Amino acid sequence: MTLFGIDNLPYGVFSAAGGSRRLGVRLGNAVIDLEGLGGLFAAPSLNPLLAAGRAQWTQARAAVIEHVRSGPPEIPLDEVTLHLPFEVADYTDFYSSEQHATNVSRILRPDSPGLPPQWRHLPIGYHGRSSTVVVSGTPIARPSGQLAEGVFGPSRRLDVEAEVGFVVGVPGRLIRTASFADHVFGVVLVNDWSARDIQAWEYRPLGPFLAKSFATSVSPWVLPLEALATIPAVPQDPRPLDHLLPAGPGFDIRLAVDWNETRVSHPPYASMYWTAAQQLAHLTSNGADVRTGDLYASGTVSGPARDQAGSFLELTWNGNEPVKLADGSTRGFLEDGDHIRISGTALGAGGGEIGLGEVVGTVVA
Ligand code: CA
């Protein structure tokens, strides 16, 4: 049973044997080349397809399914290089897991009341840096920065954040939640690498800056929304303002985090408080527009149990409760040479389980 059957078919950009970049879909452990289908498929990135809009996306998917059914050549995954699948326009990151926001408050601000007062009224977010969004497999250089007053050096508290990213296809502003699927093409996995010591020293009052802008990794496969089942969103109290209603769909996406090949966490995206539709509506509610290739991420996904934490800040409770890895070593935060894999599966539109693939990265000095 493959997680990449005909009910999935995520899009990516690949090259083989030093050749040019081409669009493909993943089938099992192989890539199907789409170049021969011409039109929007004959491009070195997904951007032309992203810009084409919902009707064309549906048509494209039908054409791809027909092509795959015709038994085209399969190129084994280990014979190709996977690239960043689209040109990232702007990158925005949210903070929409109630458990994550509560944990971070408890860890970093133990004398504060918990969730920030506005947290249940709007999806909190910040604008990130698109130039450092990299494809899975890209080595992550440990960032240096101001760690405290008078101290500049390599971060000692380098962390991960397991998130789900949403890829915008059709530009727009003042986007209603009900129009989510007319603008958003699909989803990727995201690791929003974070330097907690840089963050703690710099973030008040304007939020994350250099603690997160050095690298954000994304999975090479973009899962079209059509492949995903929708589920009811998490109930919200108080009732959101009108421009954030209806809430839009939830998605049953299950993440897993492996630290040097030891499975340490299973963050459940289905538990997110704010939906992707509400995030997009909020992001454009002041008249700001989104563009083709915009990426916005859910925020760290953390469930209520310790082994559902989407960051090591939470998993090790700020390094105070280290985790033991399979090789017998213990960890609070990332060490040089550490390898992180965030993988994901989801309930597919056809009722079965489908794969989102993985986003991996190794920390280098
Ligand atoms: Ca984040």
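Parameters and conventions
Residues numbered from 1 in each chain as written. Predicted model: local features only at pLDDT ≥ 70, side-chain atom pairs only at ≥ 80, totals over all residues. Heavy atoms only, no water. Pairing = 2+ DSSP bridges. Helix = DSSP H or I, 4+ residues; strand = E, 2+ residues; numbered from the N terminus. Donors = N, O, S within 2.8 Å, 3.2 Å for Na, K, Ca; no water. Buried < 20%, exposed > 50% of the residue type's maximum accessible area, 1.4 Å probe, protein only. Contact = heavy atoms within 4.5 Å. Salt bridge = Lys/Arg side-chain N within 4 Å of Asp/Glu carboxyl O.

A. Region of interest: the pairing of strand 11 (residues 151-154). For strand 10 (residues 144-148) and strand 11, the ladder comprises four bridges, and the chain directions are antiparallel. From the neighbouring strand, Ala148 faces strand 11, where its bridge partner is Val151. Hairpin geometry of strand 10 and strand 11 is characterised by an intervening segment of two residues between the two adjacent antiparallel strands and by a positive phi of about 80° at Gly150.

B. Examining the coordination of the calcium ion more closely. Protein-derived ligands of the calcium ion are Asp93 (OD), Glu161 (OE), Glu163 (OE) and Asp192 (OD), with the metal-ligand distances lying across 2.2 to 2.3 Å. Mapping the donors of the calcium ion onto the primary sequence yields the spacing D-x67-E-x1-E-x28-D. You can see Asp93 sitting in strand 6 (residues 91-94) and its partner Asp192 sitting in the loop between strand 15 (184-191) and strand 16 (194-195), a full 99 residues away along the chain. We classify Asp192 as buried; its relative accessible area is 0%.

C. Layout of the sheet that holds strand 25 (residues 339-347). Ordered by their spatial adjacency, five strands build an open sheet running 9-26-25-19-20, and the pairing between neighbours is mixed. Strand pairing shows two members of the sheet lacking a second neighbour, strand 9 (140-141) and strand 20 (262-265), which therefore form its edges. Note that strand 9 and strand 26 (residues 353-364) share two bridges and pair parallel. Bridge pairing links Ala141 to Val364 in strand 26.

D. Inspection of the side chain of Ser96 at higher detail. Looking at the secondary structure, you find Ser96 in the loop between strand 6 and helix 3 (98-108). You can call Ser96 buried: its relative accessible area is 0%. In contact with Ser96, not counting residues within four places along its chain, are Trp119, Pro123, Met272, Tyr273, Trp274, Gln279, Ser298 and Gly299.

E. Focus on the pattern of salt bridges. If you walk through the whole model with that rule in mind, you get 19 salt bridges. Among the ionic pairs, Asp90 bridges to Arg291, the shortest N-O distance being 3.2 Å. Of this pair, Asp90 sits in the loop between strand 5 (80-83) and strand 6 while Arg291 sits in the loop between strand 21 (289-290) and strand 22 (295-297), and the two are 201 residues apart along the sequence. On the basis of relative accessibility, which here comes to 42%, the residue Arg291 falls in the partly exposed class. Lys212 serves as the salt-bridge partner of Asp192, at 3.3 Å between the closest nitrogen and oxygen. Of the two residues, Asp192 is situated in the loop between strand 15 and strand 16 and Lys212 in the loop between helix 5 (196-202) and strand 17 (216-218); the sequence distance between them amounts to 20 residues. Of the two residues, Asp192 and Lys212, neither departs from the other in class, the shared state being buried. Several salt bridges converge on common partners, so that one network encompasses Asp159, Glu161, Asp192, Arg196 and Lys212.

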